[in-house]
Amino acid sequence: MPSLVAPGPELDSAFAALGDPVRRALVARLARGDATVGELAAPFDLTPQAISHHVGVLRRCGLVEQRREGTRRPCRLRVDQLSRLGTWIDEQRRAWDDRLDALEQHLTEEEATR
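Thresholds, definitions, all that
Residues numbered from 1 in each chain as written. Predicted model: local features only at pLDDT ≥ 70, side-chain atom pairs only at ≥ 80, totals over all residues. Heavy atoms only, no water. Helix = DSSP H or I, 4+ residues; strand = E, 2+ residues; numbered from the N terminus. Contact = heavy atoms within 4.5 Å. Salt bridge = Lys/Arg side-chain N within 4 Å of Asp/Glu carboxyl O. Buried < 20%, exposed > 50% of the residue type's maximum accessible area, 1.4 Å probe, protein only. Patch = residues over 30% accessible without salt bridge, like charges linked within 9 Å, V, L, I, M, F, W, Y side chains within 5 Å. Areas by Shrake-Rupley, 256 points an atom, 1.4 Å probe, with all protein chains shown as cover. Lys, Arg positive; Asp, Glu negative; His and termini not counted. Charge placed at Lys NZ, Arg CZ, Asp CG, Glu CD. Disulfide = S-S within 2.5 Å. Axes fitted to C-alpha atoms, helices over the stretch in contact; angles between N-to-C directions. Parallel < 35°, antiparallel > 145°, perpendicular 65-115°, else oblique. Nonpolar A, V, L, I, M, F, W, Y, C, P; charged D, E, K, R; others polar. Polar contact = N/O pair within 3.5 Å; in protein donor to acceptor, adjacent residues only side chain to side chain.

Digging into the environment of Leu58
Line of reasoning, step 1. Looking at where Leu58 falls in the secondary structure, it is placed in helix α4 (residues 48-60).
Line of reasoning, step 2. When near neighbours in sequence (up to four residues on either side) are disregarded, Leu58 contacts Ala17, Arg23, Leu26, Val27, Leu63 and Val64.

Regarding the pattern of salt bridges
Line of reasoning, step 1. The full count for this structure, using the stated rule, is eight salt bridges.
Line of reasoning, step 2. For Arg72, the salt bridge is made with Glu69, and the minimal N-O distance between the two is 3.6 Å.
Line of reasoning, step 3. Close ionic contact of Arg78 with Asp80 constitutes a salt bridge, the shortest N to O distance being 3.2 Å.
Line of reasoning, step 4. Using a relative accessible area of 27% as the deciding quantity, one classes Arg78 as partly exposed.
Line of reasoning, step 5. Connected through salt bridges with shared partners, the residues Asp34, Glu39, Arg67, Glu69, Arg72 and Arg76 form a single ionic network.

Looking at a positive patch on the surface
Line of reasoning, step 1. A surface patch of positive charge is lined by Arg59, Arg60, Arg68 and Arg73.
Line of reasoning, step 2. Structurally, the position occupied by Arg73 is in the loop between β1 (64-66) and β2 (75-77).

Brief notes about the side chain of Gln81
Line of reasoning, step 1. Tracing the backbone through its elements, the reader meets Gln81 in helix α5 (residues 79-112).
Line of reasoning, step 2. Given the relative accessible area of 16%, Gln81 is considered buried.
Line of reasoning, step 3. For Gln81, the residues in contact, after removing those within four places along its chain, are Gly62 and Leu63.

Considering the environment of Glu65
Line of reasoning, step 1. Mapped onto the secondary structure, Glu65 falls in strand β1.
Line of reasoning, step 2. For Glu65, a relative accessible area of 35% translates into the label partly exposed.
Line of reasoning, step 3. Setting aside residues up to four positions removed in sequence, Glu65 forms contacts with Arg59, Pro74, Cys75, Arg76 and Arg78.

Focus: the state of the cysteines
Each disulfide consists of one covalent bond between the sulfur atoms belonging to two cysteines.
Line of reasoning, step 1. Taken as a whole and assessed by the stated rule, the structure comprises zero disulfides.
Line of reasoning, step 2. Cys75 provides the cysteine sulfur closest to Cys61, a residue in no disulfide bond, and the two sulfurs are 13 Å apart.

What to know about the packing of helix α2 (residues 21-31) against α4
The description of two packed helices rests on the angle between their axes and on the distance between the axes.
Line of reasoning, step 1. At a closest axis distance of 10 Å, the pairing of α2 and α4 adopts a crossing angle of 75°. If you check the angle between α2 and α4, you find them roughly perpendicular. Along the contact surface, α2 presents Val22, Arg23, Leu26 and Val27, while α4 presents Ile51, His54, Val55, Val57 and Leu58.
Line of reasoning, step 2. Among the residues forming the contact of α2 with α4, the class breakdown is seven nonpolar, one polar and one charged.

A few points about the side chain of Asp20
Line of reasoning, step 1. Take Asp20: it is sitting in the loop between α1 (9-17) and α2.
Line of reasoning, step 2. With no salt bridge to any partner, buried Asp20 finds its closest opposite charge in Arg23, at an N-O distance of 4.1 Å.
Line of reasoning, step 3. A distance of 2.8 Å separates a polar side-chain atom of Asp20 from the backbone nitrogen of Val22.

This is a description of form; function is not addressed.
What follows is the structure, given as structure tokens:
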């Protein structure tokens, strides 16, 4: 079954970015709503500069966008990009389920012929 979401640099960089627990926590926080870097930094024992670095990684891979609102620069999760990751994972899960079902059927048929 061909993948509907082609693996490529965008998916690679997004999965790499999500390999870091701080970035996963930032994505989880942004899933609840927009936040500034200062607001994102609050629950961490990290400097705003360190959080800015993590936000930059998430921005470069397309998972987060930042915009200007006067003097504020809130971050927003790009749910469409996150959905692409979920779609790819779901496709892989279905493919492996199909393979495991075929293996189970083969083993059952083989056992029945013994």
